[in-house]
Amino acid sequence: MRREVTIYDIAEKLNVSPSTVSRALKGHHSIGKKTIQAVQNLAKELGYQPNTFATSLRKNKTNLIGVITPKINRPFQSDVISGIDDEADKHGYNVILSQSNDSYKKEIKNAEALFAARVDGVIISFAMETKNYDHFMPFVNKNIPILQFDRTYKNLESSRVIIDNYKASVEATEYLIKTGCKTIGHLAGLQTREIYRQRTQGYLDALKKNNIPFRPELLIESNLNKKDGVANAAELLRGNPDIDAVFCSNDTSAISAVLFFKRVGKRIPEDISIIGFNNDPGADIVEPEITTIEQPGYEMGRAATDLLIRQIESEDKEFKPQKLIIDTRLIIRSSTRKL
């Protein structure tokens, strides 16, 4: 195997001390410009790489942020990741990215790998399958900051960057009601996740506030993937032929529902109105374009990273967890009736 080049190799070739090489590589003012140039040129020629791991051990800091996201290829998650990476780079941090694929077991492996990499902090959106956060206790016990976004655990004491899922869902459901819809279905996410409980509660409270009786058969819980969207839309129509609207907890299920209802001859929005959630790119490509809740992923990513880095670099050992709520907005498109 090829031996790693060290500062001692550079020092020997240039007939200077290793300490001179070390300072020259950093461009230290105590070293002459010619020596700095000679050291840096030779280091580049020999393929010298600084031992960042040894440096991080000495400083007890790696300038690494670990990120665990459910699915990298989801538009909202990729927007968040982009925001995280831009903000981390601005502060001189690098990002280690991993995805759980909504698997609890994979999430545990992700957490163990990040802990072994000695990250300075972790940004996490929990997998759909995850039912506890025991695998994050090593971080908690070593005072390594954790920041939760989107899918969170209320009992895990850490900073959070979220939206007001309840308020957004009330707004979406009430818009359907105001446009004359009375039999409103809800394609809900798994209620083990707090964000989907909040969205479901917003739907239920909006019905109650407007004196519309809740019918249990109009609420279907699932993983909200494409297959679920089709199957759940079919189940809603089969059991409720009078259905005139569906509020979906994500755009993936909303798009699937639109395609299914069109296939069976339902007019949208004349027969059935559809509202999604997230404002994914596909929501404005399908015909008709889908009314949805915009969840600003990029802004969430930047805000989450800024807050985490402030906690990492804080000298206050009693740093209190903070909660940031990012605003959402209802985007009205042609899958719903107009007011």
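Everything here concerns the structure above.
Presented here is a report on the structure given in the accompanying data block. In every chain, residue numbers begin from 1 and rise along the written sequence. At least 70 in pLDDT is required for a residue's local features to be given in this predicted model, at least 80 for side-chain atom pairs to be given and counted, and no such filter applies to totals for whole chains, interfaces and linings, which use all residues. Think of the side-chain values as coming from all heavy atoms in the structure, minus any hydrogens and water.

1. Some points on the nonpolar core
We call a set of buried residues a nonpolar core when its members are Ala, Val, Leu, Ile, Met, Phe, Trp, Tyr or Cys and they connect through side-chain atoms within 4.5 Å of each other. Each residue is placed in one exposure class: buried if its accessible area under a 1.4 Å probe, protein chains only, is under 20% of its type's maximum, exposed if it is over 50%, and partly exposed if it falls in between. Core analysis: the biggest nonpolar cluster contains 62 residues, and Ile65, Ile123, Val161, Ile184, Val246, Phe261 and Ile274 have the highest contact counts within it. By the criteria applied, helices consist of DSSP H or I runs no shorter than four residues and strands consist of E runs no shorter than two, each listed in order from the N terminus. The greatest single-element share of this core, amounting to seven residues, is contributed by helix α12 (residues 297-313). Between two residues, a contact is recorded if the distance between any of their heavy atoms is within 4.5 Å. In contact with Ile123, other than residues within four places in its own chain, are Ile65, Gly66, Val67, Ile68, Ile84, Leu147, Phe149, Ala304, Thr305 and Leu308. One finds Val122, Phe126, Phe139 and Tyr153 within the second-largest nonpolar core, a separate group that totals 14 residues.

2. Let's talk about the sheet that holds strand β2 (residues 94-99)
In short, DSSP must find at least two bridges between two strands for them to pair. The strand order β2-β1-β3-β4-β5-β11 describes an open sheet built from six strands, whose pairing is parallel. Looking at which strands have only one partner, the edges of the open sheet turn out to be β2 and β11 (323-326). Neighbour to neighbour, the strand axes of the sheet diverge by 15° on average, direction disregarded. One ladder, built from four bridges, connects strand β1 (residues 64-69) with strand β3 (residues 121-124); its direction is parallel. Looking at β3, one finds that Val67 is bridged to Ile123. All axes are obtained by fitting lines to C-alpha atoms, using only the stretch in contact for helices, and the reported angles, taken between N-to-C directions, cover 0 to 180 degrees. α12 contacts β1, β3, β4 (146-149), β5 (159-163) and β11 of the sheet and is inclined by roughly 165° relative to β5.

3. Re the packing of aromatic side chains
Aromatic pairs are defined between Phe, Tyr and Trp rings, using the six-membered ring for Trp, whenever the two ring centres lie within 6.5 Å; interplanar angles under 30 degrees are classed as stacked, those over 60 as edge-to-face, and all others as tilted. Tallied over the entire structure, the rule returns seven aromatic pairs. Through a chain of ring-to-ring contacts, the aromatic side chains of Phe115, Phe126, Tyr133, Phe136, Phe139 and Tyr153 assemble into a single cluster. Two conditions define a charge sitting above a ring: the NZ of Lys or the CZ of Arg must be within 6 Å of the ring centre, and it must be within 35 degrees of the ring normal. Here Arg193 stacks its cationic end above the ring of Tyr153, 4.9 Å away from the centre of that ring. Over the ring of Phe277 we find Arg199, and its NZ or CZ is 3.7 Å from the ring centre.

4. Observations regarding the pattern of salt bridges
Whenever a carboxyl oxygen of Asp or Glu lies within 4 Å of a side-chain nitrogen of Lys or Arg, that contact is scored as a salt bridge. Per the counting criterion, the structure on display carries ten salt bridges. Where Lys90 meets Glu87, a salt bridge forms, and the shortest distance between an N and an O atom there is 3.7 Å. Taken together, the residues Lys90 and Glu87, both in helix α5 (residues 75-90) and three residues apart, mark about one turn of the helix. Glu87 gets classed as buried once you look at its relative accessible area, which sits at 4%. It is possible to trace a salt-bridge network through shared partners that takes in Glu87, Lys90 and Arg302.

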